[in-house]
Amino acid sequence: MSCPVSSFFATLILLLLWRVEQIAEACSCSPIHPQQAFCNADVVIRAKVVGGKEVDSGNDIYGNPIKRIQYEIKQLKMFKGPDKLIMAVFTAPSSAVCGVTLETNGKKEYLISGKAEGDEKMHVTLCDFIIPWDSLSATQKKSLNQRYEMGCECKISRCPSIPCMITAPDECLWTDWVTEKSINGRQAKHYSCIKRNDGSCAWYRGVAPPKKEFLDIEDP
């Protein structure tokens with residue numbers, strides 16, 4: 001094989017390896033119901049973002065600096081998390097590695113969920129439930145106070161296609177994708193999966209707390 005041909009194949013292999021690495025680094029998240037996102041998170045807050053900057057967060061195994069974005073926030077309300085105020089939110093530097101971009105002018109309010117990271121800090125990714133506060137439905141806002149927490153022992157299973165069914169009594173079937181072709185449909189906006197007194201779980205719709213009759217019912 002001639003030298004130019006060998007050089008061509010070597011370059012091609014390097015390009016393919018680079019492409020595989022880029023694909024491996026791409027961010028991928030499975031759709032998740034807002035209640036499940038709430039239950040999975042360490043911290044859920046309502047906040048304004050008042051500043052942001054790129055910071056070094058140590059080094060990787062090769063000695064290269066790890067970059068992250070640090071958002072300075074003004075916490076307005078804590079729905080879930082530590083007793084202390086969250087002062088800073090950290091995320092990856094780009095969406096390719098699941099980094100989150102937030103407006104830093106302090107005008108827009110966000111619901112931010114993520115993982116606790118030491119005192120007064122949290123870390124978020126594109127896979128967390130982060131949304132402008134004004135985009136939440138009235139039911140979602142109300143559910144953040146207690147409703148979602150009432151169903152954290154339940155399992156919400158996404159239905160990707162028809163037919164689908166629950167596999168256990170403590171499961172709620174999330175069908176927004178097959179009925180509305182959206183993960184932000186009626187069940188996401190208006191329903192919570194609530195655990196009842198018999199141990200089963202069922203969808204509940206409404207702003208008011210579930211009545212005793214709903215909690216005591218035996219049939220899912």
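Note that this is a predicted model, so its numbers are computed, not measured.

Asks: Sorry, what's going on with the nonpolar core here?
Replies: Within soluble globular proteins, side chains that are nonpolar generally end up buried alongside one another. Core analysis: the biggest nonpolar cluster contains 15 residues, and Ile45, Tyr71, Ile73, Leu102, Ile112 and Met122 have the highest contact counts within it. Broken down by element, the residue count for this core peaks at 4 residues, all from strand S1 (residues 43–59). Excluding anything up to four places from it in sequence, tyrosine 71 contacts Val49, Gly51, Gly52, Met87, Ala88, Val89, Thr91, Val100, Thr101, Leu102 and Thr104. Formed by 13 residues, the second largest nonpolar core is a distinct cluster that contains Ala41, Val44, Leu136 and Leu144.

Asks: Can you help me understand the pairing of strand S4 (residues 109–116) in this one?
Replies: Consecutive side chains of a regular strand alternate in pointing toward one face of the sheet and then the other. Sheet analysis places S1 next to S4, joined by 6 bridges and oriented antiparallel. Along S4, the bridge assignment pairs valine 43 with glycine 114. Here S4 pairs with strand S6 (residues 130–132) via 3 bridges, running antiparallel. When the sheet's bridge partners are listed, isoleucine 112 is paired in S6 with isoleucine 130. Judged from the 2 bridges that link them, S4 and strand S5 (residues 121–123) form a sheet pairing that is antiparallel. Residue pairing for S5: alanine 116 is matched across the bridge by methionine 122. Counting the residues in the hairpin turn of S4 and S5 gives 4 residues, including glycine 118, whose phi is positive at 75°.

Asks: What should I look at first to understand the layout of surface pockets in this one?
Replies: It is a probe the size of a water molecule, rolled over the atoms, that shows where empty space is left. Its boundaries defined by the atoms lining it, the largest pocket holds a volume of some 300 Å³. Along the walls of the largest pocket sit 18 residues, with Ile32, Leu126, Asp128, Phe129 and Ile183 positioned nearest its centre. Split into classes, the residues belonging to the lining of the largest pocket amount to 13 nonpolar, 4 polar and 1 charged.

Asks: What am I meant to see in the environment of isoleucine 66 here?
Replies: Following the sequence through the fold, isoleucine 66 ends up in strand S2 (residues 65–80). Through-space distance from the C-alpha of isoleucine 66 to that of valine 55 is 8.4 Å; in sequence the pair is 11 residues apart. Setting aside residues up to four positions removed in sequence, isoleucine 66 forms contacts with Val55, Asp56, Ser57, Gly58, Asn59 and Asp60.

Asks: Where do I start with the state of the cysteines in this structure?
Replies: Put plainly, a disulfide is one covalent bond tying together the sulfur atoms of two cysteines. Under the counting rule described, the total for this entry stands at 6 disulfides. Shown here is the disulfide that connects cysteine 27 with cysteine 98, its sulfur atoms set 1.9 Å apart. Its S-S torsion of approximately 100° makes the covalent link between cysteine 27 and cysteine 98 right-handed. Of the two residues, cysteine 27 sits in the loop between helix H1 (3–25) and helix H2 (34–40) while cysteine 98 sits in the loop between strand S3 (88–91) and S4, which places them 71 residues apart along the sequence.

Asks: Hey, could you run me through unusual backbone geometry in this one?
Replies: Negative phi is the rule for most residues except glycine; trans is the rule for most peptide bonds. With an omega dihedral of 0°, the bond running from isoleucine 162 to proline 163 counts as a cis peptide bond. Assignment of secondary structure puts proline 163 in the loop between strand S7 (155–158) and strand S8 (171–174). Backbone geometry places glutamate 120, a non-glycine residue, at a positive phi of 65°. Relative to the assigned elements, glutamate 120 resides in the loop between S4 and S5. The exposure class of glutamate 120 is partly exposed, given its relative accessible area of 40%. With a phi close to 55°, lysine 181 is a non-glycine residue in the positive phi region.

Asks: Got a minute to help me understand the pattern of salt bridges in this structure?
Replies: Note that side chains of opposite charge can pair when their charged atoms are close. Taken as a whole and judged by the stated rule, the model has 6 salt bridges. Here arginine 46 makes a salt bridge to glutamate 109, at a shortest N to O gap of 2.6 Å. Pair noted here: arginine 46 is in strand S1 and glutamate 109 is in strand S4, with a separation of 63 residues, a long-range link.

The rules behind the values
- Residues numbered from 1 in each chain as written.
- Predicted model: local features only at pLDDT ≥ 70, side-chain atom pairs only at ≥ 80, totals over all residues.
- Heavy atoms only, no water.
- Core = buried A, V, L, I, M, F, W, Y, C linked by side-chain atoms within 4.5 Å.
- Buried < 20%, exposed > 50% of the residue type's maximum accessible area, 1.4 Å probe, protein only.
- Helix = DSSP H or I, 4+ residues; strand = E, 2+ residues; numbered from the N terminus.
- Contact = heavy atoms within 4.5 Å.
- Pairing = 2+ DSSP bridges.
- 1 Å grid on protein atoms, 1.4 Å probe; cavity = no way out; pocket = protein on both sides within 12 Å on 5 of 7 lines; lining within 4 Å.
- Points joined across faces, edges and corners; volume = space filled by probe spheres on them.
- Nonpolar A, V, L, I, M, F, W, Y, C, P; charged D, E, K, R; others polar.
- Disulfide = S-S within 2.5 Å.
- Salt bridge = Lys/Arg side-chain N within 4 Å of Asp/Glu carboxyl O.

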